[in-house]
2 protein chains.
Amino acid sequence: MSPKITTELLKQLRQVMKNPKYVQEPVQAYIVPSGDAHQSEYIAPCDCRRAFISGFDGSAGTAIVTEQHAAMWTDGRYFLQAAHQMDNNWTLMKMGLKDTPTQEDWLVSVLPEGSKVGVDPFIIPADQWKRMSKALRSAGHDLVPVKENLINTIWTECPQRPCKPLITLDLSYTGVSWRDKIVALRSKMAERKVMWFVVTALDEVAWLFNLRGSDVEYNPVFFAYAVIGMNTIRLFIDGDRMMDPAVREHLQLDSTLEPEFKIQVLPYGSILSELQAVGAGLSTKEKVWLSDKASYALTEAIPKAYRYLTPYTPICIAKAVKNAAETEGMRRAHIKDAVALCELFNWLEKEVPKGTVTEIIAADKAEEFRSQQKDFVELSFATISSTGPNGAIIHYKPVPETNRTLSVNEIYLLDSGAQYKDGTTDVTRTMHFGTPSAYEKECFTYVLKGHIAVSAAIFPNGTKGHLLDSFARSALWDCGLDYLHGTGHGVGSFLNVHEGPCGISYKTFADEPLEAGMIVSDEPGYYEDGSFGIRIENVVLVIPAETKYNFKNRGSLTFEPLTLVPIQTKMIDVNLLTEKECNWVNEYHQKCREVVGAELERQGRHEALRWLLRETEPLARVQ
Amino acid sequence: MSPKITTELLKQLRQVMKNPKYVQEPVQAYIVPSGDAHQSEYIAPCDCRRAFISGFDGSAGTAIVTEQHAAMWTDGRYFLQAAHQMDNNWTLMKMGLKDTPTQEDWLVSVLPEGSKVGVDPFIIPADQWKRMSKALRSAGHDLVPVKENLINTIWTECPQRPCKPLITLDLSYTGVSWRDKIVALRSKMAERKVMWFVVTALDEVAWLFNLRGSDVEYNPVFFAYAVIGMNTIRLFIDGDRMMDPAVREHLQLDSTLEPEFKIQVLPYGSILSELQAVGAGLSTKEKVWLSDKASYALTEAIPKAYRYLTPYTPICIAKAVKNAAETEGMRRAHIKDAVALCELFNWLEKEVPKGTVTEIIAADKAEEFRSQQKDFVELSFATISSTGPNGAIIHYKPVPETNRTLSVNEIYLLDSGAQYKDGTTDVTRTMHFGTPSAYEKECFTYVLKGHIAVSAAIFPNGTKGHLLDSFARSALWDCGLDYLHGTGHGVGSFLNVHEGPCGISYKTFADEPLEAGMIVSDEPGYYEDGSFGIRIENVVLVIPAETKYNFKNRGSLTFEPLTLVPIQTKMIDVNLLTEKECNWVNEYHQKCREVVGAELERQGRHEALRWLLRETEPLARVQ
């Protein structure tokens with residue numbers, strides 16, 4: 001990896017920062033955030049502006065360019081990568097280290113008095129704008145919105161915004177029609193006395209209309225906004241996608257409908273002016289509901305007194321609770337995914353000893369097996385296929401420069417998943433194709449104990465996921481070990497593999513309570529820098545639990561694993577398991593045998609079936 | 001309990017709300033908060049203004065009186081009590097219920113346009129003022145500070161503010177001189193670039209100067225403020241307490257000292273004018289550090305640009321980490337406390353079957369035994385002595401109307417503690433003096449498992465206490481049970497029995513990380529309304545833990561119980577314990593025998609010693 005040479009680009013950017021064609025007054029600094037206009041985690045190539053200007057293409061990072069300086073803020077996952085990808089024009093600001101200034105403090109320290117700091121108001125979330133604007137103002141500077149994105153003015157070869165065809169999902173996948181979702185949304189709006197709701201997150205638009213797209217890699221979403229009134233539906237979307245007869249039929253664009261279900265289709269780029277018109281026409285007590293993470297531009301379109309901002313939108317919360325059709329779809333997707341992984345692991349077991357399988361080959365093979373399954377669409381994220389020391393890099397993705405050959409001497413960690421039309425998967429298994437050391441088995445077993453502690457936990461209705469995080473760590477903590485990431489995230493249903501508003505992490509406190517029908521991952525790990533990485537991840541469904549008593553009639557919840565892929569028993573030190581844990585493993589493997597075994601049989605995959613049966617032999621605990 | 005008749009009082013209050021002698025303009029509403037000017041949890045009789053105006057004397061509640069209405073906000077612990085103590089003039093606002101309006105929303109709904117809402121600026125914390133003021137302003141009203149407390153103007157028999165003699169603590173108790181504490185504080189101030197620190201919490205003043213008082217029941221504090229500059233020390237305190245030669249000597253008031261350690265003693269009431277003078281004299285970049293919970297009056301004395309507000313002050317954080325002298329003192333105090341409780345439980349075992357011991361008699365007897373111990377000062381909180389159904393009332397305090405006789409048929413719960421000159425105790429034991437039912441034993445054993453899970457937990461340095469809360473609940477959750485309070489609170493060293501900034505609770509996220517030397521309680525419980533209450537509470541010290549490995553060299557922590565009182569083995573269903581839990585109980589009891597046994601022997605308390613030996617017989621688990 002050689003750094004991107006940015007001298008000329010920075011010169012050009014500094015010129016447009018003073019060019020009256022783009023800025024009303026010169027700006028002394030320009031902020032280039034990571035995201036797109038929808039605060040997406042995964043973004044399209046046309047939105048990779050920070051990577052374009054700096055060369056650093058990690059998933060998180062904010063660039064700030066002033067007349068004299070160029071600085072990049074990123075977190076611990078990316079210190080090394082950013083240092084490699086950026087040239088000497090850039091200063092790396094290592095977030096989380098004690099002496100690293102915040103963006104605001106740094107700006108205040110380098111800017112001349114009374115400076116203007118520019119940012120694209122469509123990219124910066126309103127809550128961030130507020131914080132930064134306040135800090136700058138109190139130091140005598142101004143944060144100003146620059147309408148035209150200045151990176152776009154110098155990015156001559158900027159790719160086009162994708163505009164790919166849409167997929168319509170019928171009731172057998174979604175369980176609820178888009179009309180009924182609109183009805184439910186309007187009833188939530190009525191409860192809160194709001195008249196309008198602005199849908200800005202791409203997965204929320206997709207979920208609401210039971211449509212999917214492929215504008216962003218790994219996430220089956222499409223670029224669009226929606227504005228839902230009590231009697232109107234406006235969908236802001238570009239291209240000829242609305243010409244597709246299937247889409248027209250699905251959205252009933254050509255039918256005679258009650259006016260409140262008639263969808264008005266408008267150009268993607270007209271959202272701001274339309275919202276400004278809504279804002280201008282509001283009468284007293286008419287509130288507009290937005291996510292507090294919506295862009296500054298859209299938030300500002302509504303006068304302050306009329307805004308109703310919440311951290312989680314009603315769609316985000318409704319989307320998280322999967323209905324029976326979605327749950328069944330997720331089950332099917334996970335069975336198919338398990339079939340693919342049984343094939344893969346059986347193949348790896350035979351091929352790895354030959355010394356010909358690299359991390360990239362293994363990842364490609366996993367994709368190949370998955371793509372043979374019905375309704376496969378694409379992967380749900382970049383496959384983490386890592387062996388030996390690469391396994392300790394938590395967000396590793398094999399590239400030719402780092403690609404390592406799997407061997408019988410090293411632990412192999414595979415974190416991968418797919419989008420099927422009926423569901424989204426995300427599973428991590430850690431394997432050894434030779435003989436693991438006692439220490440490797442010991443660490444694996446602590447991670448497994450943590451995984452089981454969460455998966456088998458019983459907890460009251462209304463419990464927030466963050467209260468379960470320590471269960472996953474307890475066995476590791478007892479021996480002085482730990483892992484530096486959260487334990488789980490929400491998972492979409494043929495949607496984003498990471499979704500709010502629930503999860504299992506010590507880092508958050510604002511998560512919504514878990515309820516039956518929610519789906520999260522359970523993925524504790526242990527990583528030894530320079531040696532190996534271990535992670536055991538299942539996607540699990542929140543289900544009601546039967547308990548002996550029922551305090552205050554609150555009811556209890558627990559988890560049911562949707563992922564049904566064997567956990568390598570060779571890696572388990574059975575003597576470290578309690579009887580209860582041992583039974584959990586055996587029952588889990590029994591279920592893998594029954595459910596995935598039947599599907600392997602049905603698909604005629606006999607060799608993989610034999611592998612599954614071998615790998616799911618019951619553990620025997622020495623008493 | 002008959003309600004207090006408040007018709008006449010409310011009439012008087014409504015008159016002074018319009019009296020130009022007290023208010024610049026009439027106020028249409030007047031807020032009477034719970035606290036005193038120091039945001040104390042326990043308050044002196046002269047500060048019980050809300051109880052005076054309403055009759056409701058629970059520990060939490062806010063009264064608001066308008067021209068037409070009088071309303072009281074309180075939480076679930078006090079719904080019944082408030083309803084009993086208040087007459088028909090009052091509307092009870094049940095906090096935590098879905099339909100209960102907030103104080104702001106209620107005010108907006110009942111006030112005529114453009115109203116003024118008055119409050120004593122010395123009683124309302126700055127953060128509350130800010131929130132309420134903003135809400136009222138956005139509805140067209142104004143929150144205004146009323147200098148003279150309007151309750152005091154009508155409270156003709158208001159008790160005097162206490163002004164009791166001080167106790168000086170030498171190095172053998174405190175470990176660090178007040179001079180060295182000032183030096184450490186100034187170094188924290190220099191780190192944050194602040195020039196002044198305002199000490200507003202009573203326990204922080206007491207801790208800083210190594211003084212104790214008895215102005216407030218149960219809390220060994222005295223009414224005072226302090227303002228620490230980089231070169232000056234000002235102590236605001238009333239009465240002739242500064243005439244006491246021991247205090248003068250302790251504070252070196254008559255010695256020739258370096259000027260920066262010379263304490264300037266000023267009247268308690270002059271804090272505001274002195275602070276205003278400090279505020280007026282500040283030059284650019286001179287900041288003043290205050291708790292964000294300091295009163296609005298004191299916070300306003302400092303111009304906004306010069307304020308440095310934090311949720312926890314440096315004194316609060318330093319005070320929480322006990323040094324060797326304090327830890328040793330706490331150990332001694334807990335041994336003496338255990339001696340008193342061995343005597344008590346031995347006495348109860350003999351007396352309860354006679355049917356003559358009531359909850360109040362048992363509480364008095366506990367105090368009697370404690371008062372026989374060296375350096376006993378007073379109780380550390382009102383003793384919770386409760387039997388049968390009273391045990392399910394979490395904040396129960398026996399009064400003649402509720403006083404129940406202990407019997408061999410009911411569970412008895414005693415939550416009590418004392419202030420000794422060398423330390424503060426807080427211990428809960430749950431006993432049965434006859435034969436507990438299988439169900440009572442089952443519930444007790446789940447609570448015990450939770451207690452042990454926290455007490456024996458090993459966790460990384462830097463872990464916040466709230467991450468341990470679920471460990472205490474896991475065994476209860478497994479059976480569908482739970483308890484509706486936090487698991488632990490910080491404990492002072494001959495100071496307040498509840499202190500920040502750490503604790504073990506699902507309710508908070510803003511606690512400071514646990515570190516070696518901190519002291520918290522571990523007190524899970526289970527309560528069955530109308531039947532019984534169970535709680536097992538030890539005070540525990542955070543200590544370094546030895547672990548097999550040491551991830552990232554972070555080091556690990558665990559707890560050492562300071563409380564050494566037998567846990568009634570009769571209440572334990574041994575078959576529900578794991579081997580590890582069983583060993584924990586046996587080792588704990590062995591330590592009680594050794595440490596407390598030796599002290600009972602030394603004090604010649606042979607009968608109580610025999611009781612201790614009986615009660616600490618090792619448990620035997622059936623394999």
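Residues numbered from 1 in each chain as written. Chains lettered and ligands numbered in written order. Predicted model: local features only at pLDDT ≥ 70, side-chain atom pairs only at ≥ 80, totals over all residues. Heavy atoms only, no water.

1. Regarding the packing of aromatic side chains
Residue and element names in this part refer to chain A.
Phase 1: Taken as a whole, this structure holds 41 aromatic pairs over all chains when the rule is applied.
Phase 2: Judged by centre distance (6.2 Å) and plane angle (70 degrees), the rings of Phe223 and Tyr268 are edge-to-face. With Phe223 in the loop between strand 9 (211–212) and strand 10 (224–229) and Tyr268 in the loop between strand 12 (263–266) and helix 11 (271–280), this residue pair connects regions lying 45 residues apart in the sequence. Each member of the pair, Phe223 together with Tyr268, is buried. (Phe/Tyr/Trp six-rings, centres within 6.5 Å; stacked < 30°, edge-to-face > 60°. Helix = DSSP H or I, 4+ residues; strand = E, 2+ residues; numbered from the N terminus. Buried < 20%, exposed > 50% of the residue type's maximum accessible area, 1.4 Å probe, protein only.)

2. Let's talk about the sheet that holds strand 16 (residues 384–387) of chain A
Residues and elements named next belong to chain A.
Phase 1: Taken together, 3 strands build an open sheet; the order of strands is 16-17-20 and the sheet is antiparallel. Each edge of the open sheet is held by one strand with a lone partner, namely strand 16 and strand 20 (427–432). Averaged over all adjacent pairs, the angle separating strand axes in this sheet is 10 degrees, with direction ignored. (Pairing = 2+ DSSP bridges. Axes fitted to C-alpha atoms, helices over the stretch in contact; angles between N-to-C directions.)

3. Concerning the pattern of salt bridges
Phase 1: One pass over the structure, following the stated rule, counts 74 salt bridges over all chains.
Phase 2: Between Lys116 of chain B and Glu25 of chain B there is a salt bridge, with the nearest N and O atoms lying 3.9 Å from each other. With Lys116 of chain B in strand 5 (residues 116–119) and Glu25 of chain B in the loop between helix 1 (7–16) and strand 1 (29–32), this pair connects stretches of sequence that are 91 residues apart.
Phase 3: Lys116 of chain B sits in the buried class, given a relative accessible area of 18%.
Phase 4: Between Glu560 of chain B and Arg331 of chain B there is a salt bridge, with the nearest N and O atoms lying 2.2 Å from each other. Taken together, the residues Glu560 of chain B in strand 28 (residues 556–561) and Arg331 of chain B in helix 14 (residues 324–351) connect sequence positions 229 residues apart.
Phase 5: Looking at Glu560 of chain B, the relative accessible area reads 16%, which means it is buried.
Phase 6: The class for Arg331 of chain B is partly exposed, based on a relative accessible area of 24%.
Phase 7: Through salt bridges with shared partners, a single ionic network connects Asp203, Lys319, Lys322 and Glu499 of chain A. (Salt bridge = Lys/Arg side-chain N within 4 Å of Asp/Glu carboxyl O.)

4. With respect to the relation of the copies chain A and chain B
The operation relating the pair of chain copies consists of a rotation about an axis and a translation along that axis.
Phase 1: Of the transformation placing chain A onto chain B, the axial shift is 0.0 Å and the rotation is 180 degrees, giving an RMSD of 0.0 Å. On this basis, the relationship between the two copies can be described by a two-fold rotation axis.
Phase 2: Both copies present the same face, since 100% of the interface residues in chain A are matched by interface residues at the equivalent positions in chain B. (Least-squares fit on C-alpha atoms with pLDDT ≥ 70 in both. Contact = heavy atoms within 4.5 Å.)

5. A short note on the interface of chain A and chain B
Phase 1: Counting residues at the interface gives 35 residues for chain A and 35 residues for chain B.
Phase 2: Interface area for chain A against chain B, summed over the two sides, is near 3000 Å², with a carbon-plus-sulfur share of 62%.
Phase 3: At the boundary of chain A with chain B, the tally comes to 6 salt bridges.
Phase 4: Taking the shortest distance from any N to any O, the salt bridge between Arg554 of chain A and Asp482 of chain B comes out at 2.6 Å.
Phase 5: Remark: the boundary between chain A and chain B carries 14 residue pairs in polar contact (both at pLDDT 80 or more).
Phase 6: Those elements that place two or more of their residues in the side of chain A that touches chain B are helix 16 (438–455), strand 21 (459–460), helix 17 (469–478) and strand 25 (525–528) of chain A.
Phase 7: Here the residues of the side of chain A that touches chain B are counted per class, giving 18 nonpolar, 8 polar and 9 charged. (Buried area = accessible area lost by both parts, 1.4 Å probe. Polar contact = N/O pair within 3.5 Å; in protein donor to acceptor, adjacent residues only side chain to side chain. Nonpolar A, V, L, I, M, F, W, Y, C, P; charged D, E, K, R; others polar.)

6. Describing helix 8 (residues 178–191) of chain B
Residues and elements named next belong to chain B.
Phase 1: Here helix 8 contains 14 residues, and its C-alpha end-to-end distance of 20 Å stays within 8% of the 20 Å for a straight helix at 1.5 Å per residue.
Phase 2: Within helix 8 the residues assigned to the buried category are Trp178, Lys181, Ile182, Leu185, Arg186 and Met189. The arc that holds every buried residue of helix 8, seen down its axis, measures 135 degrees, which confines them to one face.
Phase 3: Once helix 8 ends, the next one or two residues include Lys193, with phi positive near 60 degrees. (Expected span 1.5 Å × (residues − 1). Arc of directions from axis to C-beta.)

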